[in-house]
Amino acid sequence: MAETFEFLSASDKPALVAFSTPEWLEAVRSALLELGYKVHTAATHGDFLARFHQIRYQVVVLEELFAANSIEENLSLRALQQMPMSQRRHATVILLGDSFQTFMPLQAFQQSVHAVINSAELFLIRQLIEKAVADKELFLHAYQTTFQRVLTSPAGPAR
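Described below are features of the structure shown in this document. Owing to the predicted nature of the structure, the values given are computational and were not obtained by experimental measurement. (Residues numbered from 1 in each chain as written. Predicted model: local features only at pLDDT ≥ 70, side-chain atom pairs only at ≥ 80, totals over all residues. Heavy atoms only, no water.)

**Quick word on the environment of Leu-77**
Here is step 1 of the chain: Note that Leu-77 resides in helix α3 (residues 75–82).
Here is step 2 of the chain: Using a relative accessible area of 0% as the deciding quantity, one classes Leu-77 as buried.
Here is step 3 of the chain: Residues Leu-77 and Ser-112 lie 35 residues apart in sequence; the distance between their C-alpha atoms is 8.9 Å. (Helix = DSSP H or I, 4+ residues; strand = E, 2+ residues; numbered from the N terminus. Buried < 20%, exposed > 50% of the residue type's maximum accessible area, 1.4 Å probe, protein only.)

Right, dumping it as structure tokens:
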């Protein structure tokens, strides 16, 4: 966590990126900055977990081989997959790598992420991030609306 301490306001849109490939990191970081996100980078798995648990990131973009030689060794991805949904629901999680077909729902489901992107489509990363975020928001809108109604109803949540 070599970056300096930074305050986040309620209007900030925090994003977390975790990449081992510097070119991919810079492309994703630049795209997120263009989209108005405040970007934090994780250098190691420990750094990723510490940052993820400190801030409610709106977007998380993770390289399939982040700090790993194979996707099975990607401890950050495994940690996200094993987290309860209540701890990761706030973030749109995008997995980027060579072994995926962009926006293949079954591959995203298998990896417990919202979207997968093939690295060959990195030139479109800004638009792909926008689409992934919009798709996730649309998908979860009904759930979030119902959840808010239950919380704010005079009877309160059912026990």
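Picking up after the structure, the text goes on.
**Overview of the packing of aromatic side chains**
Here is step 1 of the chain: Tallied over the entire structure, the rule returns one aromatic pair.
Here is step 2 of the chain: Stacked on the ring of Tyr-37, the Lys or Arg Lys-13 has its end atom at 4.3 Å from the ring centre.
Here is step 3 of the chain: Taking NZ or CZ as reference, Lys-131 lies 5.2 Å from the ring centre of Phe-103, over its face. (Phe/Tyr/Trp six-rings, centres within 6.5 Å; stacked < 30°, edge-to-face > 60°. Lys NZ or Arg CZ within 6 Å of the ring centre and 35° of its normal.)

**Here's the deal with the packing of helix α1 (residues 22–34) against helix α6 (residues 125–152)**
Here is step 1 of the chain: Axis separation between α1 and α6 bottoms out at 9 Å; the angle between their running directions is 60 degrees. The pairing of α1 with α6 is recorded here as oblique in orientation. Both α1 and α6 take part in a crossing whose hand is right-handed. Along its contact with α1, which presents Ala-27, Val-28, Ala-31, Leu-32 and Glu-34, the element α6 presents Ile-125, Arg-126 and Ile-129.
Here is step 2 of the chain: Class assignment of the residues belonging to the contact of α1 with α6 gives a composition of six nonpolar, no polar and two charged. (Axes fitted to C-alpha atoms, helices over the stretch in contact; angles between N-to-C directions. Parallel < 35°, antiparallel > 145°, perpendicular 65-115°, else oblique. Left-handed = near helix turned anticlockwise from the far one by under 90°. Contact = heavy atoms within 4.5 Å. Nonpolar A, V, L, I, M, F, W, Y, C, P; charged D, E, K, R; others polar.)

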